[in-house]
Amino acid sequence: MTMIDQKGQDVIWKHIQNHARDYFDMSYTRLCYLAEKCRPGERVLNIGVGSGKLEEILVNLGVEIWSLDPCGESIDRLRDELAMGNRAVQGYSNELPFQKDYFDKVIMTEVLEHLPNDILNKTLDEVYRVLKVHGVLTGTVPYRENLIDNNVICPHCETEFHRWGHQQSFDKSSLGEILIKHKFLIVQLYSRSFPDFRRPGFILFVKSLFRYVLGRLGEPLIAPNLYFVVHK
């Protein structure tokens with residue numbers, strides 16, 4: 001498999017975030033869960049905006065939400081649709097354009113798996129720098145993903161690559177190790193899924209419960225996430 005460089009990552013996510021936004025519909029309950037952990041008035045940085053749904057939820061909750069993403073179109077959309085102004089910033093996670101000890105919380109959901117080792121290490125150093133003392137880094141990554149299963153081949157250049165540009169596969173041990181290496185204190189780190197328990201009807205409730213239990217067991221059938229909460 002060919003590792004996608006930053007330019008390739010930017011091309012993939014520029015397309016998904018601006019021309020295939022329904023791709024993120026399945027993320028709604030996960031984003032709601034992360035948003036519910038934020039308090040009104042907190043200064044929160046979301047790295048990797050996706051469809052912008054997390055920002056929308058947090059704005060409505062009264063959270064001071066800031067966003068960082070490489071895609072200028074996504075940043076412009078947040079400024080236009082949510083009036084975020086200079087709180088929506090174009091940039092990269094390994095060079096955060098923010099001052100030290102600035103944020104109460106940083107959210108990175110389905111982001112770390114896209115970063116090669118050198119960028120991943122720089123990113124976690126940068127997140128640690130911009131968090132306030134006792135600040136929180138939280139988010140998710142795919143749990144024990146078999147990267148080869150999502151390989152595709154470009155029909156033009158015949159290059160094989162991961163369809164979403166993933167470059168890391170994490171389990172509890174590997175993610176915990178790198179977080180500790182970067183001086184974070186682990187509070188929560190476990191596999192789970194994010195079923196929608198708000199859907200009406202007994203059958204849908206049972207399906208959601210079944211999915212939740214399988215997620216906590218790390219069952220690969222449902223492609224669970226690894227959820228983490230760490231403190232500076």
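Up top you'll find the structure we're talking about.
Scoring rules and cut-offs
- Residues numbered from 1 in each chain as written.
- Predicted model: local features only at pLDDT ≥ 70, side-chain atom pairs only at ≥ 80, totals over all residues.
- Heavy atoms only, no water.
- Axes fitted to C-alpha atoms, helices over the stretch in contact; angles between N-to-C directions.
- Helix = DSSP H or I, 4+ residues; strand = E, 2+ residues; numbered from the N terminus.
- Parallel < 35°, antiparallel > 145°, perpendicular 65-115°, else oblique.
- Left-handed = near helix turned anticlockwise from the far one by under 90°.
- Contact = heavy atoms within 4.5 Å.
- Expected span 1.5 Å × (residues − 1).
- Buried < 20%, exposed > 50% of the residue type's maximum accessible area, 1.4 Å probe, protein only.
- Arc of directions from axis to C-beta.
- Polar contact = N/O pair within 3.5 Å; in protein donor to acceptor, adjacent residues only side chain to side chain.

(A) Fine view of the packing of helix H5 (residues 117-130) against helix H6 (residues 172-181). At a minimum axis distance of 10 Å, the contact between H5 and H6 shows a crossing angle of 55 degrees. Between H5 and H6, the angle is such that the two are oblique. Viewed along their axes, H5 and H6 form a crossing whose handedness is right-handed. On H6, the residues that touch Leu120, Asn121 and Leu124 of H5 are Ile178, Leu179 and Lys181.

(B) Broad picture of H5. Between the first and last C-alpha of H5 there are 20 Å, a value that for 14 residues agrees with the 20 Å anticipated at 1.5 Å per step. Every buried residue of H5 is listed here: Ile119, Leu120, Thr123, Leu124, Glu126, Val127 and Val130. Buried residues of H5 fall within an arc of 160 degrees about the axis and therefore sit on the same side. Against the buried residues of H5 lie strand E1 (43-47), strand E4 (103-109), strand E5 (131-142) and H6.

(C) The arrangement of the side chain of His182 in detail. Among the secondary structure elements, His182 is positioned in the loop between H6 and strand E8 (185-192). Under the relative-accessibility criterion, His182 is labelled buried at 5%. Side chain to side chain, His182 and Asn121 meet in a polar contact 2.7 Å long. Residues contacting His182, with those up to four places away along its chain left out, are Asn121, Leu124, Asp125 and Tyr128.

Limitation: the analysis is restricted to geometry and does not speak to function.
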